[in-house]
Amino acid sequence: MCRFLAYSGLPVFLEDFVASPCHSLIHQSLHAEEAKTGTNGDGFGIGWYGERPEPGQYREVRPAWSDENLLSIARQVRSHLFFAHVRAATGTATTRANCHPFVHGRYLFMHNGQIGGYSTIRRRLEALIPDALYGARAGSTDSEALFLLALAHLEEGMAPGAALAAALGDALRLMAQAGITEPLRCAAALADGEAIHAVRWSSDARPPSLYVCQKPDSIVVASEPVDAARECWQALPCNTLATINGGTVSFSPLETSLQQAA
């Protein structure tokens, strides 16, 4: 399982969350406390919004703890909205194209979790990605496939939360058709430069960990609390969408199409 964080608020240097705190994301890359494995060394990435609509991005296959460029960039880049992710691969190659966050146009996306039986349904899942978006498929992960499917649903006119739910529903339908009994577990975040939409969802009772910390000048969503102020960090309930926009966070149930039909 991977670890990630998403920040929205007054502009800060990325190092304030990526490198400096006692349980920073770099620390979590070696010492995760709420993941299947304590080490997340199969690459990392950061994505941030600045003065342009499209986000900047830096991804690398080296472990986050051993990349001096990450420390330098995090020390110099200031942003009002950014993502950071450390990866623990679940069956796909350790390549830069498979590192999060993913970028397409003005959108950023990152994911922690796994589609059960992904290797069985991968070809059929990719076939659901429209041709106009399939050209952006650079890697082989289930995460990127979910991102592109969510973008396709956004282009159909869905709201971001509904688009994320529809992408999960696409995967769940194929899993059901293939007779897959392994669970689909997902913690993910999608941003457009203004708002962050974060989800914690699972088809069983074991979703990946995800927390929200709201302060007067910022809101952070993270796989694990990054500092010692544990009273601020509230676990996101299972099957929940958190929408962060304009300094506020709202919560709503996240239902896939299969749940709605049940």
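Residues numbered from 1 in each chain as written. Predicted model: local features only at pLDDT ≥ 70, side-chain atom pairs only at ≥ 80, totals over all residues. Heavy atoms only, no water.

### Brief notes about unusual backbone geometry
Then, number 1: Look at the link from histidine 100 to proline 101: it is a cis peptide, with omega at 0°.
Then, number 2: Structurally, proline 101 can be placed in the loop between strand E4 (78-86) and strand E5 (102-104). (Helix = DSSP H or I, 4+ residues; strand = E, 2+ residues; numbered from the N terminus.)

### Details of the environment of alanine 189
Then, number 1: Assignment of secondary structure puts alanine 189 in strand E7 (residues 185-191).
Then, number 2: Between the alpha carbons of alanine 189 and glutamate 15 there is a distance of 20 Å; along the sequence they are 174 residues apart.
Then, number 3: The residues touching alanine 189, leaving out its near neighbours within four places in the chain, are Phe4, Phe83, Leu108, Phe109, Met110, Ile196, His197 and Ala198. (Contact = heavy atoms within 4.5 Å.)

### Considering the sheet that holds E7
Then, number 1: With antiparallel pairing, the six strands of this open sheet are ordered in space as E5-E6-E7-E8-E12-E13. Each edge of the sheet is formed by a strand with only one pairing partner; in this case those strands are E5 and strand E13 (248-253). The average undirected angle you get between the axes of adjacent strands in this sheet is 15°.
Then, number 2: Taken together, the six bridges between strand E12 (residues 240-245) and E13 define a ladder with antiparallel strand orientation. Counterpart to threonine 243 in the pairing with E13 is serine 250. (Pairing = 2+ DSSP bridges. Axes fitted to C-alpha atoms, helices over the stretch in contact; angles between N-to-C directions.)

### Let's talk about the pattern of salt bridges
Then, number 1: Within the structure shown, the criterion is met by 13 salt bridges.
Then, number 2: Taking the shortest distance from any N to any O, the salt bridge between arginine 62 and glutamate 68 comes out at 3.7 Å.
Then, number 3: For aspartate 170, the salt bridge identified is with arginine 173, shortest N-O distance 2.5 Å. Of this pair, aspartate 170 and arginine 173 both sit in helix H7 (residues 160-177), three residues apart, which is roughly one turn of that helix.
Then, number 4: Judged by relative accessible area, which is 7%, aspartate 170 ranks as buried.
Then, number 5: Through salt bridges with shared partners, a single ionic network connects Arg122, Glu126, Arg137 and Glu144. (Salt bridge = Lys/Arg side-chain N within 4 Å of Asp/Glu carboxyl O. Buried < 20%, exposed > 50% of the residue type's maximum accessible area, 1.4 Å probe, protein only.)

### A look at the state of the cysteines
Then, number 1: Inspection of every chain in the model, using the stated rule, returns one disulfide.
Then, number 2: Residue cysteine 213 pairs covalently with cysteine 232 via a disulfide, S to S 2.0 Å. Looking down the S-S bond of the cysteine 213 and cysteine 232 bridge, the torsion is 100°, so its handedness is right-handed. Separated by 19 residues along the polypeptide, cysteine 213 in strand E9 (residues 211-215) and cysteine 232 in the loop between strand E10 (218-222) and strand E11 (233-235) bring together distant segments of the chain.
Then, number 3: The exposure class of cysteine 213 is buried, given its relative accessible area of 3%.
Then, number 4: The thiol of cysteine 2 is not disulfide-bonded; the next cysteine sulfur, from cysteine 99, is found 9.2 Å away.
Then, number 5: Owing to a relative accessible area of 7%, cysteine 2 belongs among the buried residues under this scheme.
Then, number 6: No disulfide involves cysteine 238; its nearest neighbouring cysteine sulfur is the one of cysteine 186, lying 11 Å away. (Disulfide = S-S within 2.5 Å.)

### Some remarks on the packing of aromatic side chains
Then, number 1: This model, assessed by the stated rule, comprises five aromatic pairs.
Then, number 2: For the ring pair tyrosine 7 and phenylalanine 82, a centre distance of 5.1 Å and an interplane angle of 15° mean the geometry is stacked. Here tyrosine 7, found in strand E1 (residues 3-13), pairs with phenylalanine 82, found in strand E4; they are 75 residues apart in sequence, far enough to count as distant.
Then, number 3: Judged by relative accessible area, tyrosine 7 falls into the buried class, the value being 2%.
Then, number 4: Ring-pair connections join several aromatic residues into one group, and the members of that group are Tyr7, Phe17 and Phe82.
Then, number 5: Sitting above the plane of the phenylalanine 13 ring, arginine 78 keeps its charged end 4.2 Å from the centroid. (Phe/Tyr/Trp six-rings, centres within 6.5 Å; stacked < 30°, edge-to-face > 60°. Lys NZ or Arg CZ within 6 Å of the ring centre and 35° of its normal.)

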